[in-house]
Amino acid sequence: MPASRFLPSPSSRSSVVDALRAAGCVFAEDEADLLLDAARTPDELTALVDRRAAGLPLELVLGWAEFRGLRVTVEPGVFVPRRRTEFLVEQALAQAPDARVVVDLCCGSGAVAAALADALGPVELHAADIDPAAVRCARRNLAGAGGRVHTGDLFEALPAALRGRIDILAANVPYVPTGEVGLLPAEARDHEPLTALDGGADGLDIARRVAAEAPHWLAPGGCLLTETSERQAPAALEAFTEAGLTSRLAASEELYAQVVIGVA
């Protein structure tokens, strides 16, 4: 039989909140509730709180992140999906609501692919990442949707049979300029892979590579979407246009998100 969950006392919750506040957690009350819900014993609760107080991202402490209503498994060494990336998913669905072939490049945990499959229903679903840890994690998250996850560098990882067939190509590429990686919050800088953060000198090296190759892989009317910063958006749009895509920028003030969309 599974172990029964212990019922913490109000004083336990108060102690957890105090410990998280002392560690600088801005949303200490919300995080305390999640940790209390996850713990099965007092000792396990102590271990979870200690890991969070030591600076481990909450999602890695819990083993999951919420993304567009889904619980996405995350593991140490894998990029944690950001809430702002939900905007990329929304834009993909608006652009291609009847998509049948979906690819998630630089997939990390596979959160984007999982959310697209959840919204679209049965699709031919592929994801790829250069990091084996991310691939293992994505395979867990996409197994229920029948997704195939490939290891390799961008398009080199994909089956050749996908060329000219992709309706949605989501590429949440790294876009932090190399010189600014050290300025990131410690949760990202110390616990997420550099390959998921560093986008080269101006942050757009990977975005340019994806844009240049995308027209060979997209179906007629298929779309490429990638996230970028407000400062980088004009150069990213230029890269999409130079690749032969009909390009536009979508922005969300609420999520502080910028998504470049290119249509074949």
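Above this text sits the structure in question.
Rules used throughout
- Residues numbered from 1 in each chain as written.
- Predicted model: local features only at pLDDT ≥ 70, side-chain atom pairs only at ≥ 80, totals over all residues.
- Heavy atoms only, no water.
- Helix = DSSP H or I, 4+ residues; strand = E, 2+ residues; numbered from the N terminus.
- Rg over C-alpha atoms; globule rule 2.2 N^0.38 Å.
- Buried < 20%, exposed > 50% of the residue type's maximum accessible area, 1.4 Å probe, protein only.
- Contact = heavy atoms within 4.5 Å.
- Lys, Arg positive; Asp, Glu negative; His and termini not counted.
- Charge placed at Lys NZ, Arg CZ, Asp CG, Glu CD.
- Pairing = 2+ DSSP bridges.
- Axes fitted to C-alpha atoms, helices over the stretch in contact; angles between N-to-C directions.
- Phe/Tyr/Trp six-rings, centres within 6.5 Å; stacked < 30°, edge-to-face > 60°.
- Lys NZ or Arg CZ within 6 Å of the ring centre and 35° of its normal.
- Left-handed = near helix turned anticlockwise from the far one by under 90°.
- Nonpolar A, V, L, I, M, F, W, Y, C, P; charged D, E, K, R; others polar.

Enquirer: Is there a simple way to explain the overall build of the chain in this structure?
Expert: For the chain, the count of helices and strands is 10 helices and nine strands. For 264 residues, the compact-globule estimate of 2.2 N^0.38 gives 18 Å, and the C-alpha radius of gyration of the chain, at 20 Å, lies within 12% of that figure. With respect to the three principal axes, the spread of C-alpha positions in the chain is 60 × 45 × 30 Å. Buried positions account for 51% of the 264 residues belonging to the chain. Sequence separation of at least 24 residues holds for 61% of the intrachain contacts in the chain that already meet a minimum separation of 6. For the chain, the centre of its 23 positive side-chain charges and the centre of its 37 negative side-chain charges are spaced 4 Å apart.

Enquirer: What is the right way to look at the sheet that holds strand E4 (residues 124-129) in this model?
Expert: The strands making up a sheet associate through hydrogen bonds between their backbones, and the pairing can be parallel or antiparallel. On the basis of which strands lie adjacent, the open sheet formed by seven strands has the order E5-E4-E3-E6-E7-E9-E8 and mixed pairing. This sheet does not close on itself; its edge strands, each paired only once, are strand E5 (148-151) and strand E8 (246-252). With direction set aside, neighbouring strand axes in the sheet form an average angle of 20°. As judged from the four bridges shared by E4 and E5, these two strands associate in the parallel manner. Pairing of Ala128 across the sheet is with His150, part of E5. The sheet strands contacting helix H7 (residues 132-142) are E4 and E5, and the helix crosses E5 at an angle near 175°. Against the sheet, helix H9 (residues 205-217) contacts strand E3 (101-105), strand E6 (166-171) and strand E7 (218-228), and its axis sits at roughly 160° relative to E7.

Enquirer: Explain the pairing of E7 here, please?
Expert: On any regular strand, side chains alternate: one points to one face of the sheet, the next to the other face. Judged by how many residues are buried, E7 sits mostly within the fold: nine of 11 residues are covered. Across four bridges, E6 lies against E7 in parallel orientation. Bridge pairing in E7 places Ile166 opposite Leu218. Pairing of E7 with strand E9 (residues 257-263) involves six bridges; the strand directions are antiparallel. Among the inter-strand pairings, Cys223 is bridged to a residue of E9, identified as Val263.

Enquirer: Would you mind showing me how to read the packing of aromatic side chains here?
Expert: In this description, an aromatic ring pair is defined by two values, namely the gap between the centres and the angle between the planes. Within this structure, the stated rule accounts for one aromatic pair. Ring geometry for Phe155 versus Trp217: centroids 5.5 Å apart, planes at 20°, classification stacked. With Phe155 in the loop between E5 and E6 and Trp217 in helix H9, this residue pair connects regions lying 62 residues apart in the sequence. Phe155 sits in the buried class, given a relative accessible area of 8%. One Lys or Arg, Arg71, reaches over the ring of Trp64 and ends 3.8 Å from the middle of that ring.

Enquirer: Please explain the packing of helix H2 (residues 28-38) against helix H3 (residues 42-53) as it appears in this structure.
Expert: In a packed pair of helices, the relevant descriptors are the angle between the two axes and the axis-to-axis distance. Relative to each other, H2 and H3 sit at 140°, their axes nearing to 9 Å. Where H2 crosses over H3, the handedness of that crossing is right-handed. Here Glu31, Leu35, Leu36 and Ala38 of H2 lie close against H3, whose contacting residues are Glu44, Leu45, Leu48, Val49 and Arg52. In terms of residue class, the contact of H2 with H3 is built from six nonpolar, no polar and three charged.

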